[in-house]
Amino acid sequence: MLNQRQFDFRTAMNPPKKGNPMDVHCTTCGEPWDVYHLRHDAIFETDLTHAEAKAWTELSPALRLNPRYRDKFKAAGYEFGGSIMNVLRCPGCPKGAKPDPDQAAMKAGIVEILGDDEDGIAAIFEDQGL
Ligand SMILES: [Zn+2]
């Protein structure tokens, strides 16, 4: 679980850098993923129609990870934790590789605290090299 020190870190931080590319890393293979790609482009790698994929980008963070979309992402090689910012597995993962348990727990804790605040999650992940 996250302790108070980690939570204070966020409030002490400047607001997330808008417009700057931010990367988060796959928990399994460490591959960096551009936050913009995860939010806007990865969905088009699934077999959803273009219209469906476009509609997905407008959904709330919770709806974007409903079971139907999780299945679609999984088929395309992506698995997410509680947020689209939390990449547990990606198309670059070696077959059979497992997520790093410590990193997975750390990331899950951060997502739990920040909830729908994707910018905040991405900023902390990037800062922590997660
Ligand atoms: Zn990966």
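Quick caveat: nothing in here was measured; it's all calculated off a predicted structure.

J.: So what's going on with the overall build of the protein chain? Which residues, and what values?
T.: Along its length, the protein chain carries seven helices and four strands. For the protein chain, the α and β elements follow one another from N to C terminus as α-β-β-α-α-α-α-β-β-α-α. Burial status across the protein chain gives 28% buried among its 130 residues. For the protein chain, restricting intrachain contacts to residue pairs at least 6 apart in sequence, the fraction spanning at least 24 positions comes to 61%.

J.: Give me the lowdown on helix α6 (residues 101-114), citing residues and values where you can.
T.: Between its first and last C-alpha atoms α6 spans 20 Å; for 14 residues at 1.5 Å apiece the expected length is 20 Å, and the two agree. For α6, every residue scored as buried is listed here: Q103, K107, I110, V111 and L114. Taken around the axis of α6, the buried residues stretch over an arc of 100 degrees, which confines them to a single face. Among the exposed residues of α6, those pointing more than 90 degrees away from its buried face are P101 and D102. Next to the buried residues of α6 lie α7 (118-128). Positive backbone phi, at 60 degrees, marks G115, one or two positions downstream of α6.

J.: Give me the nonpolar core: which residues, what numbers.
T.: Grouped burial of nonpolar side chains is what soluble globular proteins tend to show. Within the largest apolar cluster, 26 residues are counted, with the highest numbers of intra-cluster contacts made by V24, M85, V87, I121, A122 and F125. When residues in this core are grouped by element, the largest group, five residues, is from α7.

J.: I'd love a proper account of the packing of α6 against α7, names of residues and values included.
T.: It is at 9 Å that the axes of α6 and α7 come closest, and there the two elements cross at 150 degrees. By the angle between their directions, the pair α6 and α7 is classed as roughly antiparallel. For the element pair α6 and α7, the recorded crossing hand is right-handed. The residues of α7 that touch α6, namely those facing K107, I110, V111 and L114, are G120, I121, I124 and F125. Classifying every residue of the contact of α6 with α7 by side-chain character gives six nonpolar, one polar and one charged.

J.: Could you give an account of the environment of I124, with specific residues and numbers?
T.: Following the sequence through the fold, I124 ends up in helix α7. In this structure I124 comes out as buried when scored by C-beta crowding, with 26 C-beta atoms within 10 Å. Residues I124 and V111, spaced 13 residues apart in sequence, show a C-alpha to C-alpha distance of 9.9 Å.

What counts as what
Residues numbered from 1 in each chain as written. Predicted model: local features only at pLDDT ≥ 70, side-chain atom pairs only at ≥ 80, totals over all residues. Helix = DSSP H or I, 4+ residues; strand = E, 2+ residues; numbered from the N terminus. Buried ≥ 20, exposed ≤ 12 C-beta atoms within 10 Å, placed from the backbone. Contact = placed C-beta atoms within 7 Å. Expected span 1.5 Å × (residues − 1). Arc of directions from axis to C-beta. Core = buried A, V, L, I, M, F, W, Y, C linked by C-beta atoms within 7 Å. Axes fitted to C-alpha atoms, helices over the stretch in contact; angles between N-to-C directions. Parallel < 35°, antiparallel > 145°, perpendicular 65-115°, else oblique. Left-handed = near helix turned anticlockwise from the far one by under 90°. Nonpolar A, V, L, I, M, F, W, Y, C, P; charged D, E, K, R; others polar.

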